Amino acid sequence: MPRGPSWKAVRLDEVEPRPWRDTELSWLPLREELGTRIVGMAGFSADRVGQELIEGHDEEHDGRGHEEVYVVLRGRVMFVLDGDKIDAPAGSFVLVEPGVHRQAVAAEPGSAVLALGGPPTFDPSASEWIERARPFIR
């Protein structure tokens, strides 16, 4: 992908996969590849149905207390969130609070997930509030 002096574009399939903590997970270090520090970010991909994409954990006890959003980029993923099963096809966004135990496996070969995480401290820009109010301004 091209790169400019102040920007960089990356294709998921061009990020070199790495093993994740002695598991079968295929970790794609997107944050590192892009060179950004705005949010915790990583991709995970699976070649076969049933392959783990998100290892079983909760962020309250096993992590850093982050909220996490998982974006299903391609394929279909079965999430288990505190015992509840969620079937998430490509284009799905799944928000998980820190104390929720989460795990996900591929429901289709070639599935990929983008994991985003961080402390819930983001301050929305004024434009977000303006756009919400715009229909009521008249």
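Quick note: structure is the one above.
What you see is a predicted model; the values in this text were computed from it and never measured.

S.K.: Can you help me understand the sheet that holds strand S12 (residues 112-118) in this one?
M.R.: Taken in spatial order, the six strands line up as S3-S4-S5-S12-S7-S10 in an open sheet, and their pairing is antiparallel. Strands at the two margins of the open sheet, each flanked by one partner only, are strand S3 (18-19) and strand S10 (93-96). Inspection of the sheet shows strand S7 (residues 67-74) paired to S12 by seven bridges, in the antiparallel sense. Its bridge partner lying in S12, Val71 is registered against Leu114.

S.K.: In this structure, what is going on with the nonpolar core? I would like to understand it.
M.R.: Across soluble globular proteins, you tend to see nonpolar side chains buried next to one another. Phe44, Leu53, Ile54, Tyr70, Val77, Phe79 and Val94 are the most contacted members of the largest nonpolar core, which has 20 residues in total. Put simply, the parts of the chain that give this core at least two residues each are strand S5 (40-45), strand S6 (52-57), S7, strand S8 (76-81), S10, strand S11 (102-106) and S12. Sorting elements by how many residues they give to this core places S8 first, with three residues. Filtering out sequence-adjacent residues up to four positions away, Val77 remains in contact with Leu53, Val72, Ile86, Asp87, Ala88, Ala104, Val105, Ala107, Ser111 and Val113.

S.K.: It is not clear to me how the pairing of S7 should be interpreted in this structure. Could you clarify?
M.R.: Along a regular strand, successive side chains alternate from one face of the sheet to the other. Strand direction decides the pairing type here: S7 and S10, joined by four bridges, are antiparallel. The residue bridging Val69 from the neighbouring strand is Leu95, located in S10.

S.K.: Please clarify how the packing of aromatic side chains should be interpreted in this entry.
M.R.: Where two aromatic rings form a pair, the distance of their centres and the angle of their planes describe that pair. The final tally for this structure, using the stated rule, is three aromatic pairs. Ring geometry for Trp20 versus Phe44: centroids 5.8 Å apart, planes at 90 degrees, classification edge-to-face. Placement of Trp20 in the loop between S3 and strand S4 (26-28) and of Phe44 in strand S5 is noted, with a sequence separation of 24 residues between them. Ring geometry for Tyr70 versus Phe79: centroids 5.7 Å apart, planes at 45 degrees, classification tilted. Overall, the relative accessible area of 1% leaves Tyr70 in the buried class. The buried category is assigned to Phe79, whose relative accessible area is 0%.

What counts, and where the lines are drawn
Residues numbered from 1 in each chain as written. Predicted model: local features only at pLDDT ≥ 70, side-chain atom pairs only at ≥ 80, totals over all residues. Heavy atoms only, no water. Pairing = 2+ DSSP bridges. Helix = DSSP H or I, 4+ residues; strand = E, 2+ residues; numbered from the N terminus. Core = buried A, V, L, I, M, F, W, Y, C linked by side-chain atoms within 4.5 Å. Buried < 20%, exposed > 50% of the residue type's maximum accessible area, 1.4 Å probe, protein only. Contact = heavy atoms within 4.5 Å. Phe/Tyr/Trp six-rings, centres within 6.5 Å; stacked < 30°, edge-to-face > 60°.

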